Amino acid sequence: MVPYSFTQLQMYSKCPRKYRYRYLEKTPKFATEETQLERGIKYHEEIAKKISSGTPIKDIMSDVGEKAKKTLETLEPVGIIKYNQWIERKVMFDESFLPTEDYNQAYFLGYCDYARHFSTKDGQHTLQVFDWKTGQTRGERKQITVYAAYFKTIVEKDLAKTDIRQQTPPIDIRGIFYYPDLKSISRFVINDQYIEKTFSEIKKDIEVIQNDDKFPQMRSKLCEYCVYQPICVTDL
C-alpha cells in the first residue's frame, strides 16, 4: 500500500474523482503537471544546496520586507552549544502515527524542507521547522505540525541521553513559513495539544477517504487544466 500523504489529502479535498484516478486507479495523465509545481521543486532543490553548503538561513531569506526581517532576527538564538539540522528529510509514521524509519511500516509520509534544533547556554531548547512556499498559496499548518512532531521525538531522545534523570526538558517548537514570491515570513507556536489535534484531524480525513465508494467529481474552474480532464468529462 502507498502511504497516505498531505498531497493525497489535499487532492481528495479538492476533487475526490481526481484522487481516484491518481492514487487508486493510477490512470496515466493526459497532460504534464503545471509549471508552478516544477518551479517549486527546483526552488526547493536550490535552497537545499545553499543550506548544505553552509549558507545561513537569514541570508537565504534576506529579501523579505522590513517587518519580516525583524521576525527573521529572532530566529537566531544566542549562545548555541548544540546544533542539529535536517535538510529535505523524509518523514514517516506508522499506522499508530508513531515515527518510523521503515518504509514498509509507513502509513503516512511527507518531506520536510528544513528543520533545526538548538540548545543554548542558558538551558533553552528550540526546534524550528521550515516550509518554503512558492507562489501565492499560504502554508498549511497541519503539514508543518506533523513534521514538528517527528523531529520533536528525535530531539527528545537525544536530550534524554544527556540528562542524568533521563527526563526531557521543555522544547520551544516553532513552525516557520517562508514565501519568496511574497517576500514575507510567518511563524506559529506548536505545542503537544496542537500536535494531538492535528493527528486527530488527519485520521478523520483518511477515514473519510477509506469510506468513500463513489469519489464524485468536484466541478470548478480548474477542471479545464486537470491532467485527467479528457476522461473525466465522459466518466459521469
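Counting of residues starts from 1 at the beginning of each chain's written sequence and follows it residue by residue. At least 70 in pLDDT is required for a residue's local features to be given in this predicted model, at least 80 for side-chain atom pairs to be given and counted, and no such filter applies to totals for whole chains, interfaces and linings, which use all residues. To get the side-chain values, take all heavy atoms of the structure and skip hydrogens and water.

Chemist: What am I meant to see in the overall build of the chain here?
Modeler: Here a strand is any run of E in DSSP of at least two residues, a helix any run of H or I of at least four, and the numbering for each starts at the N terminus. Within the chain, the secondary structure is distributed over eight helices and six strands. When its helices and strands are written in sequence order, the chain yields β-α-α-α-α-α-β-β-β-α-β-β-α-α. Out of the 236 residues in the chain, the part that is buried amounts to 43%. Taking the intrachain contacts of the chain between residues at least 6 apart in sequence as the baseline, contacts between residues at least 24 apart amount to 68%. For the chain, the accessible area works out to roughly 13900 Å², and carbon and sulfur atoms hold 51% of it. When charges are tallied, Lys and Arg are placed among the positive residues and Asp and Glu among the negative ones, while His and the ends of the chain are skipped. For charged residues, the charge sits on one atom: NZ in Lys, CZ in Arg, CG in Asp, CD in Glu. Each charge sign in the chain was given a centre, from 37 positive and 34 negative side chains, and these centres are 3 Å apart. When accessible area is computed with a 1.4 Å probe and restricted to protein chains, residues below 20% of their type maximum are described as buried, those above 50% as exposed, and intermediate ones as partly exposed. By definition, residues are in contact when any of their heavy atoms lie within 4.5 Å. Here, Shrake-Rupley sampling with a 1.4 Å probe gives the accessible areas, and only protein chains in the shown set may cover a residue.

Chemist: Mind showing me how you'd approach the confidence of the model for the chain here?
Modeler: Reading predicted coordinates in detail is not appropriate for stretches of low pLDDT. On average, the chain scores 89 in pLDDT, and the residues at 70 or more come to 93%. Confidence, expressed as mean pLDDT per element, reaches its minimum in the chain at helix α5 (residues 66-73) with 83 and its maximum at helix α7 (residues 192-211) with 97. One number per residue, pLDDT, summarises how confident the predictor is, and it ranges from 0 to 100.

Chemist: Mind showing me how you'd approach the layout of surface pockets here?
Modeler: Here the idea is plain: a probe the size of a water molecule rolls over the atoms and shows the empty space left. Buriedness of a pocket was judged along seven lines, with at least five required to meet protein on both sides within 12 Å; pockets are open sets of points on a 1 Å grid over the protein atoms alone, cavities are sets where a 1.4 Å probe fits but cannot get out, and lining residues have an atom within 4 Å of a point. Grid points are joined across faces, edges and corners, and a volume is the space filled by probe spheres set on the points. Taken as a whole, the second largest pocket holds about 210 Å³ of empty space. If you trace the second largest pocket, you find it lined by Phe6, Leu9, Gln10, Tyr12, Ser13, Glu140, Lys142, Ile202, Asp205, Val208 and Ile209. Element by element, the count of residues in the lining of the second largest pocket is highest for helix α1 (residues 6-14), at five residues. Here the nonpolar group is Ala, Val, Leu, Ile, Met, Phe, Trp, Tyr, Cys and Pro; Asp, Glu, Lys and Arg are the charged ones; every other residue, Gly included, is treated as polar. In terms of residue class, the lining of the second largest pocket is built from six nonpolar, two polar and three charged.

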